[in-house]
Amino acid sequence: QVQLVESGGALVQAGGSLRLSCAASGRTFSVYVLNWFRQAPGKEREFVAAITWNGGITYYADSVKGRFGISRDNAKSTVSLQMNSLKPEDTAVYYCAAAQGRTSLAPMPWRKYDYWGQGTQVTVSS
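Below is a summary of the structure that appears in this document. As the structure is a prediction and not an experimental result, all values here were calculated from the model. (Residues numbered from 1 in each chain as written. Predicted model: local features only at pLDDT ≥ 70, side-chain atom pairs only at ≥ 80, totals over all residues. Heavy atoms only, no water.)

### Section: unusual backbone geometry
Thinking step 1. With a phi angle near 55 degrees, Ser77 is a residue other than glycine that sits in the positive phi range.
Thinking step 2. Along the chain, Ser77 turns up in the loop between strand E7 (68-73) and strand E8 (78-83).
Thinking step 3. The residue Ser85 is not glycine, and still its phi comes out positive at about 50 degrees.
Thinking step 4. One can find Ser85 in the loop between E8 and strand E9 (92-98).
Thinking step 5. Look at Ser85 and you get partly exposed, because its relative accessible area is 40%. (Helix = DSSP H or I, 4+ residues; strand = E, 2+ residues; numbered from the N terminus. Buried < 20%, exposed > 50% of the residue type's maximum accessible area, 1.4 Å probe, protein only.)

### Focus on the packing of aromatic side chains
Thinking step 1. Considering all chains together, one arrives at seven aromatic pairs under this definition.
Thinking step 2. Geometrically, the ring pair formed by Tyr95 and Trp116 is edge-to-face, given 6.0 Å between the ring centres and 85 degrees between the ring planes. With a gap of 21 residues between them, Tyr95 in strand E9 and Trp116 in strand E10 (residues 115-116) connect regions that are remote in the sequence.
Thinking step 3. For Tyr95, a relative accessible area of 13% translates into the label buried.
Thinking step 4. Accessibility expressed as a relative area gives 23% for Trp116, which makes it partly exposed.
Thinking step 5. Between the NZ or CZ atom of Arg45 and the centre of the ring of Trp116, over which it lies, the distance is 4.7 Å. (Phe/Tyr/Trp six-rings, centres within 6.5 Å; stacked < 30°, edge-to-face > 60°. Lys NZ or Arg CZ within 6 Å of the ring centre and 35° of its normal.)

Quick look at the structure:
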């Protein structure tokens, strides 16, 4: 099992920045890619960004490309999501997720992921 715990969500004004963190523990050796997803009220959960533990290769959804940056700290087993130029449409619960044994960065339907954190709320006011 892998445990994921997110933190850093807050209320921020449009145009502002926020940094989310995801701490991983447990059998993290079985997970090669960490992902961020988000879910806005009344909408389907959607992929945001992904990063490989080794090499730090990244992949982003078009909606956040150029504004968000994903990074990892292997020593601390944490993955961060730096969010800049935030927009009201970025308002959502943000989740950290992983699929056991999966090495591809390409996102899958969210139900196919094995491990999820509890989520952290990000609210962007206009």
